[in-house]
Amino acid sequence: RPGDLVLDWGSGCGHQSTLMTQLFDVDVIGLDVTEAAVHWAQEHAIGTFYYSNGLDLSWAPKDTFDHFFAFASILYVPGALMCAFGREVVRILRSGGTAFFGWLNNRNGKLGVFEKESNQTYYEELPKNTWSCLHDVAYVDVIDDVLLWRANAHAPSTERASSYSVFLRKK
């Protein structure tokens with residue numbers, strides 16, 4: 001809805017933030033781990049952008065955001081921390097607020113995790129049942145991405161659905 005506040009987690013250069021603002025008249029705060037992308041967004045995109053690894057959301061008061069949006073950026077959250085991170089996202093959402101964790105397990109059925117300190121990427125399984133830890137605080141839907149991106153989502157698929165997205169609404 002117009003005026004809703006969105007946290008774009010992994011906002012990059014701010015392209016998606018700009019699009020959300022232009023299409024839906026929302027206010028967007030973007031966080032990204034790439035300093036150069038944040039500087040570009042601050043100069044050229046619509047929204048407010050900050051350089052941050054985003055793993056620590058304690059700066060945001062409870063019930064601050066209407067929506068949380070993360071597409072192809074959750075790979076920066078180690079799988080062992082995913083439930084705690086998900087609970088933090090729910091904490092900062094207003095009642096009825098929504099979150100989108102898009103495009104998980106995107107490489108050979110595994111979640112890519114980049115460790116900035118060692119400059120290494122490793123891959124780990126992030127099973128769909130990881131998100132069951134949030135059922136007590138949110139309504140959670142886990143959707144195979146093939147259903148989101150195929151022209152006819154209802155037709156039988158021979159494609160391997162290794163990646164998925166998570167949609168949740170705070171109770």
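Anything mentioned here points back to the structure above.
The structure reproduced in this document is the subject of the present report.

This part covers the overall build of the protein. A count of helices and strands for the protein gives four helices and nine strands. Of the regular secondary structure in the protein, the N- to C-terminal order runs β-α-β-α-β-β-α-β-β-β-β-α-β. Scored against the burial criterion, the 171 residues of the protein give a buried share of 42%. Sequence-distant contacts, at least 24 apart, represent 64% of the contacts inside the protein between residues at least 6 apart. As presented, the protein carries roughly 9,300 Å² of accessible surface, and 54% of it is formed by carbon and sulfur atoms.

Once that is clear, we can look at helix α2 (residues 35-44). Among all positions of α2, only Ala-37, Val-38 and Ala-41 are buried. On an axial view of α2, the arc spanned by its buried residues comes to 100 degrees, and they lie on one face. In α2, those exposed residues whose orientation departs by more than 90 degrees from the buried face are Ala-36, Glu-43 and His-44. Of the surrounding secondary structure, the elements contacted by the buried residues of α2 are β2 (27-32) and β3 (48-51).

This part takes up the pattern of salt bridges. Under the criterion given, the structure shown has five salt bridges. One salt bridge connects Lys-170 with Asp-63, and the closest N-O pair in it is separated by 2.8 Å. Of this pair, Lys-170 sits in strand β9 (residues 164-170) while Asp-63 sits in the loop between β3 and β4 (65-71), placing them 107 residues apart in sequence. Its relative accessible area of 12% is what places Lys-170 among the buried residues. Here Arg-94 makes a salt bridge to Asp-66, at a shortest N to O gap of 2.8 Å.

What follows covers the state of the cysteines. The full count for this structure, using the stated rule, is one disulfide. Disulfide pairing places Cys-83 opposite Cys-133 at an S-S distance of 2.0 Å. Linking Cys-83 and Cys-133, the disulfide has an S-S dihedral of approximately -105 degrees and is accordingly described as left-handed. Of this pair, Cys-83 sits in helix α3 (residues 82-92) while Cys-133 sits in the loop between β7 (120-124) and β8 (138-144), and the two are 50 residues apart along the sequence.

Taken in spatial order, the seven strands line up as β3-β2-β1-β4-β5-β9-β8 in an open sheet, and their pairing is mixed. In this open sheet, the two strands that pair with only one neighbour each are β3 and β8. Here the average twist between neighbouring strands, direction ignored, is 15 degrees. Summarising the sheet, β8 and β9 pair through seven bridges and their orientation is antiparallel. When the sheet's bridge partners are listed, Val-140 is paired in β9 with Leu-168. In this fold helix α1 (residues 15-24) packs onto β1 (5-9), β2, β3 and β4, with an angle of close to 160 degrees to the strand it touches most, β1. Lying on the sheet, α3 is in contact with β1, β4, β5 (93-104), β8 and β9; it crosses β5 at an angle near 140 degrees.

Buried residues dominate β2, accounting for five of its six residues. As paired elements, β1 and β2 share five bridges and run parallel to each other. Bridge assignment links Asp-8 to a residue of β2, and that residue is Gly-30. In terms of strand pairing, β2 meets β3 through four bridges, oriented parallel. The residue bridging Ile-29 from the neighbouring strand is Thr-48, located in β3. Between the parallel pair β2 and β3, the chain is carried across by α2, and the sense of this crossover is right-handed.

The rules behind the values
- Residues numbered from 1 in each chain as written.
- Predicted model: local features only at pLDDT ≥ 70, side-chain atom pairs only at ≥ 80, totals over all residues.
- Heavy atoms only, no water.
- Helix = DSSP H or I, 4+ residues; strand = E, 2+ residues; numbered from the N terminus.
- Buried < 20%, exposed > 50% of the residue type's maximum accessible area, 1.4 Å probe, protein only.
- Contact = heavy atoms within 4.5 Å.
- Areas by Shrake-Rupley, 256 points an atom, 1.4 Å probe, with all protein chains shown as cover.
- Arc of directions from axis to C-beta.
- Salt bridge = Lys/Arg side-chain N within 4 Å of Asp/Glu carboxyl O.
- Disulfide = S-S within 2.5 Å.
- Pairing = 2+ DSSP bridges.
- Axes fitted to C-alpha atoms, helices over the stretch in contact; angles between N-to-C directions.
- Right-handed = clockwise from strand over helix to strand, strands pointing away.

In short, the description is geometric, and any link to function would need to be established separately.
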